[in-house]
Amino acid sequence: MNQDELKQAVAREAIRHVVEDDWIGVGSGSTANFFIDELAKIKGRIRGAVASSVATAERLKSHGIPVEELNNTGELPVYVDGADEVTEHGAMIKGGGGALTREKIVGGASRKFVCIVDASKVVPVLGKFPLPVEVIPMARSFVARELARLGGQPEWRMGFTTDNGNLVLDVHGLAIVDPVGLETTINQIPGVVTVGLFARRGADAILVGTPQGVKSIAARKP
């Protein structure tokens, strides 16, 4: 199976976690897109979706799935999204596509976070994938210096602006052995909107696409 086929397999499996007659939180990125395509097949069984990015909202609407603002839905039963890296404890790096802030908001507003990935995204220690940090524009250089003091090598994602009108710094060279602690530390830097570490509220269930089938991991919280 190629990578797209693995993503399709986990997307199909994730449908099992959808709560009927309720809202569903939907993430962003290529694996989430496959989930949206699968969700379209059962759209009559849900109230609609809350999107974590403009691109996700557009894809949902293109399938005729109603999209609602989170402010109008209250707590969501389930949020389904991919990850750039994930550990067996459910800690993730997200934000490769730049939607980390809205993803973290929708995930935080959901009772259950289902992470869907192919096997290449499951790692023992986070950090090989550059850690995205969304910053307000005037704080870019200051935040970069602070991230360097933490041992990272920040790189401005030039030419990219988030849906919130902000910038992204991608931090290379980190071995994240304490994801909860680092998430807290980076979030406290003035000018940081969100760090793409999802550890304080990580995944509750991880669906992993493998050539042998979809493996389900109940996240073992540290």
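Up top you'll find the structure we're talking about.
Not measured: the values here are computed from a predicted model. (Residues numbered from 1 in each chain as written. Predicted model: local features only at pLDDT ≥ 70, side-chain atom pairs only at ≥ 80, totals over all residues. Heavy atoms only, no water.)

Quick rundown of helix H1 (residues 3-14)? Include the residues and the values.
One turn of an α-helix holds 3.6 residues; hence residues three or four places apart share an orientation. Given a rise of 1.5 Å per residue, twelve residues ought to cover 16 Å, and the 17 Å separating the end C-alpha atoms of H1 matches this to within 8%. On its buried face, H1 is in contact with helix H2 (30-39), strand S3 (76-81), strand S6 (110-118), strand S12 (205-210) and strand S13 (213-218). The backbone nitrogen of Asp-4 lies 3.1 Å from a side-chain oxygen of the residue at the head of H1, namely Asn-2. (Helix = DSSP H or I, 4+ residues; strand = E, 2+ residues; numbered from the N terminus. Expected span 1.5 Å × (residues − 1). Contact = heavy atoms within 4.5 Å. Polar contact = N/O pair within 3.5 Å; in protein donor to acceptor, adjacent residues only side chain to side chain.)

Give me the lowdown on the pattern of salt bridges, citing residues and values where you can.
Evaluated as defined, the whole model comprises twelve salt bridges. Between Glu-103 and Lys-94 there is a salt bridge whose closest N-O contact spans 3.3 Å. The two residues Glu-103 and Lys-94 agree in class, both being buried. Linking Asp-170 and Arg-157 is a salt bridge whose minimum nitrogen-to-oxygen distance equals 2.7 Å. Pair noted here: Asp-170 is in strand S9 (residues 167-172) and Arg-157 is in the loop between strand S8 (153-156) and S9, with a separation of 13 residues, a long-range link. (Salt bridge = Lys/Arg side-chain N within 4 Å of Asp/Glu carboxyl O. Buried < 20%, exposed > 50% of the residue type's maximum accessible area, 1.4 Å probe, protein only.)

Would you mind going over the nonpolar core in detail, with residue names and values included?
The biggest cluster of nonpolar side chains holds 24 residues, and the ones touching the most others in it are Ile-24, Phe-35 and Leu-39. Of all the secondary structure elements, the ones that give two or more residues to this core are H1, strand S1 (23-26), H2, strand S2 (48-51), helix H3 (54-62), S3 and S6. The greatest single-element share of this core, amounting to four residues, is contributed by H2. With residues up to four places along the chain from it excluded, the contact list for Ile-24 reads Val-18, Phe-35, Leu-39, Ile-46, Gly-48, Ala-49, Val-50, Val-78 and Val-80. Membership of the second largest hydrophobic core comes to 23 residues, among which are Val-133, Leu-147, Val-195 and Ala-199. (Core = buried A, V, L, I, M, F, W, Y, C linked by side-chain atoms within 4.5 Å.)

So, the packing of aromatic side chains: which residues are in play, and what are the values?
Counting across every chain of the model gives one aromatic pair. Plain terms: the ring middles of Tyr-79 and Phe-113 are 5.0 Å apart, the flat faces sit at 90° to each other, and that makes the pair edge-to-face. You can see Tyr-79 sitting in strand S3 and its partner Phe-113 sitting in strand S6, a full 34 residues away along the chain. Overall, the relative accessible area of 1% leaves Phe-113 in the buried class. The ring of Phe-198 carries Lys-104 above its face, with NZ or CZ at 4.9 Å from the centroid. A cation over a ring is seen here: Arg-157 above Phe-160, with NZ or CZ 5.2 Å from the ring centre. (Phe/Tyr/Trp six-rings, centres within 6.5 Å; stacked < 30°, edge-to-face > 60°. Lys NZ or Arg CZ within 6 Å of the ring centre and 35° of its normal.)

Explain the pairing of S6 to me, and be specific about the residues and the numbers.
Burial of S6 is extensive: seven of the nine residues sit out of reach of the surface. Examined bridge by bridge, S6 and S12 share five bridges and lie parallel to one another. Looking at S12, one finds that Val-117 is bridged to Val-208. (Pairing = 2+ DSSP bridges.)

Describe the side chain of Glu-103, listing the residues and the values that go with them.
The residue Glu-103 is located in helix H4 (residues 100-108) in this model. Taking the relative accessible area as the measure of exposure, Glu-103 reaches 4% and is therefore buried. In contact with Glu-103, not counting residues within four places along its chain, are Ser-28, Ser-52, Tyr-79, Asp-81, Lys-94, Gly-95 and Phe-198.

Residues and numbers for unusual backbone geometry, please.
Here the phi dihedral of Asp-21 falls at roughly 60°; this positive angle occurs in a residue that is not glycine. Tracing the backbone shows Asp-21 in the loop between H1 and S1. Exposure remark for Asp-21: the relative accessible area of 61% places this residue in the exposed category.

With reference to specific residues and values, describe the sheet that holds strand S7 (residues 131-135).
Here we have four strands laid out as an open sheet, ordered S8-S9-S7-S10, and antiparallel in their pairing. The two strands at the open ends of the sheet, each matched to only one other strand, are S8 and strand S10 (192-195). Each strand axis lies, on average, 30° off the axis of its neighbour in the sheet, ignoring direction. The pairing of S8 with S9 spans four bridges and is classified as antiparallel. The partner of Trp-156 across the bridge, within S9, is Leu-169. (Axes fitted to C-alpha atoms, helices over the stretch in contact; angles between N-to-C directions.)

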